Amino acid sequence: MALELFIPPKRDGQDETLADFVRRRLGAEALDKIAEPLMAGIYNAEAERQSLLATFPRFRALEAKHGSLTRGMLAAQRARASAPQAGNAPPSLFMSFARGAQELVDALVSRLAGDLRLNAGVEALARADGGAYTLTLEDGSRLRADAVVLATPSYVAAGVLRALAPEAAAPLDAIRYVSTGTVSLAYRRADIHHPLDGFGLVIPRSERRPVNAVTWTSTKFSHRAPAGYALLRVFFGGSRSPQSMALDDAALLATVRGELRSMLGIDAAPLFHRIYRWQQANPQYDVGHLDRVAAIEAALPAGVYVTGSPYRGIGISDCVRQAQETAQQAVAALVKQTIQG
Ligand SMILES: Cc1cc2nc3c(=O)[nH]c(=O)nc-3n(C[C@H](O)[C@H](O)[C@H](O)COP(=O)(O)OP(=O)(O)OC[C@H]3O[C@@H](n4cnc5c(N)ncnc54)[C@H](O)[C@@H]3O)c2cc1C
């Protein structure tokens, strides 16, 4: 890894897999033990397919600007040290909703005015007169719309657009998804002998375990468990442990307890547990992803937009940013159309 300083930078601007980038600059062991579990893990991705430019463009930018990651990181550190201090404590590394992510949806619903229809699946989209569109809903009812923003998984957007814009549906279909799940387990703190310092553990793919990572949820967010108790969250599925997605609840719990026993020495039965499975919910940013997204956007009919996790960032803050940008584009186009009309 120390030789990284002397490895010439790639400057052709082409995408590459995360695995190729890390192997090229830092070596195979750094990929296996650090980058793959941490950087591919966040995306539930396979490092051998994951697009560097779509997921960690900053690393390529550091390489391009400083010729080496090490030099780039040292420069960033120096810049931080010499920047004027704001005086306030730095914000927490992690933020969440006090009562869970549903709060975000509830807040949006409470603020949206107009003809809001919840739990109303869209089945098809067709052209109407005057540049507008007709949406057909699952219950057979129809809506007329001047602009349409599809914030669904990309494979759903592909289905809705197939008849209207097959050239957009094809690259939408090409975005792969994987399924993942979590098991949250509550314990008496005294039943866990591990200090639960740090925030959890990630597991290299090469260990071939049936789970991918464990978060100390109550260390990360103290309000998630009362004093004297601890909450752990185990992640499974994706491309690392797809076999765990197929387990029924009892078998999954037994597997997870076996893993916690072997990795953390937890023998006690959890006070309670909750299992969540997210089927086809994790879009995969394979190498070339940004080109695919550009092809989708170029093929969309005027007045139709796609936004959300399949495109330019999977984090909730990325989704919010993309949604705001898409809404601004849609409004600007409608204003332009009105002025021209
Ligand atoms: C287990 C897990 C943990 C995660 N942890 C974090 C984290 O800690 N931090 C973070 O930032 N991100 C996290 N993420 C990622 C983040 O939650 C997602 O990327 C993000 O919520 C996706 O938002 P979205 O709006 O693109 O998609 P979704 O929230 O999936 O929304 C798509 C919507 O489309 C609707 N829909 C589907 N079909 C139709 C149809 N035919 N007609 C109309 N509507 C339809 C669905 O009902 C759904 O509401 C996590 C994801 C998972 C699965």
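Parameters and conventions
- Residues numbered from 1 in each chain as written.
- Predicted model: local features only at pLDDT ≥ 70, side-chain atom pairs only at ≥ 80, totals over all residues.
- Heavy atoms only, no water.
- Helix = DSSP H or I, 4+ residues; strand = E, 2+ residues; numbered from the N terminus.
- Buried < 20%, exposed > 50% of the residue type's maximum accessible area, 1.4 Å probe, protein only.
- Contact = heavy atoms within 4.5 Å.
- Areas by Shrake-Rupley, 256 points an atom, 1.4 Å probe, with all protein chains shown as cover.
- Near = heavy atom within 4 Å.
- Polar contact = N/O pair within 3.5 Å; in protein donor to acceptor, adjacent residues only side chain to side chain.
- Nonpolar A, V, L, I, M, F, W, Y, C, P; charged D, E, K, R; others polar.
- Core = buried A, V, L, I, M, F, W, Y, C linked by side-chain atoms within 4.5 Å.
- 1 Å grid on protein atoms, 1.4 Å probe; cavity = no way out; pocket = protein on both sides within 12 Å on 5 of 7 lines; lining within 4 Å.
- Points joined across faces, edges and corners; volume = space filled by probe spheres on them.
- Phe/Tyr/Trp six-rings, centres within 6.5 Å; stacked < 30°, edge-to-face > 60°.
- Lys NZ or Arg CZ within 6 Å of the ring centre and 35° of its normal.

Caption draft 1: Up close: the overall build of the chain. Helix and strand counts for the chain come out as 13 helices and ten strands. Dimensions of the chain, computed from C-alpha atoms along their principal axes, come out at roughly 70 × 55 × 45 Å. For the chain, the proportion of its 341 residues judged to be buried stands at 38%. A fraction of 63% describes how many contacts in the chain between residues 6 or more apart in sequence connect residues 24 or more apart. Carbon and sulfur atoms make up 57% of the accessible area of the chain, which totals about 19,100 Å².

Caption draft 2: Structural context of the site of the ligand. Around the ligand, the structure places 13 residues, and the nearest of them are Val122, Ser309, Ile314, Gly315 and Ile316. For the ligand, a nitrogen atom lies 2.8 Å from a polar atom in the backbone of valine 122. In the environment of the ligand, an oxygen atom lies 2.8 Å from a nitrogen or oxygen atom belonging to the backbone of serine 309. Protein contacts shield 51% of the accessible area of the ligand, which totals 1,000 Å² for the unbound molecule. In terms of residue class, the shell around the ligand is made up of eight nonpolar, five polar and no charged.

Caption draft 3: The nonpolar core, seen in detail. Leu125, Leu150, Leu161 and Tyr311 are the most contacted members of the largest nonpolar core, which totals 24 residues. Those elements giving two or more residues to this core turn out to be strand S2 (133-137), strand S4 (148-150), helix H7 (154-161), helix H8 (166-173), helix H12 (289-299) and strand S10 (304-306). Here the element with the most residues in this core is H7; it accounts for four residues. Once residues lying within four places of it in the same chain are set aside, the contact partners of leucine 125 are Tyr133, Thr134, Leu135, Val148, Val160, Leu161, Leu164 and Val304. Ranked by size, the runner-up nonpolar core spans 22 residues in total, among them Trp216, Ala230, Leu253 and Val256.

Caption draft 4: Molecular detail of the layout of surface pockets. Quantified by volume, the second largest pocket comes out at close to 320 Å³. Together, 16 residues line the second largest pocket, and Leu26, Ile34, Met39, Phe59 and Met73 are the ones closest to its centre. Looking at the lining of the second largest pocket, the elements that each hand over two or more residues are helix H1 (18-26), helix H2 (28-42) and helix H5 (69-82). With six residues, H2 is the largest single contributor of residues to the lining of the second largest pocket.

Caption draft 5: Layout of the packing of aromatic side chains. According to the stated counting rule, one finds five aromatic pairs in the structure shown. Note on tyrosine 43 and phenylalanine 56: the rings are 5.8 Å apart at their centroids and 75° apart in plane angle, and the pair reads as edge-to-face. Taken together, the residues tyrosine 43 in the loop between H2 and helix H3 (52-55) and phenylalanine 56 in the loop between H3 and helix H4 (57-66) connect sequence positions 13 residues apart. Here tyrosine 43 matches phenylalanine 56 in class, with each residue buried. Judged by centre distance (4.7 Å) and plane angle (70°), the rings of phenylalanine 94 and phenylalanine 199 are edge-to-face. In this pair, phenylalanine 94 sits in the loop between H5 and helix H6 (102-111) while phenylalanine 199 sits in the loop between strand S5 (177-188) and strand S6 (200-202), placing the two residues 105 residues apart along the sequence. Among the residues examined, phenylalanine 199 registers a relative accessible area of 38% and is labelled partly exposed. Among the aromatic residues, ring-to-ring pairing joins Tyr43, Phe56, Phe59 and Tyr285 into one connected group. It is lysine 220 that lies over the ring of phenylalanine 94; its NZ or CZ is 4.6 Å from the centre.

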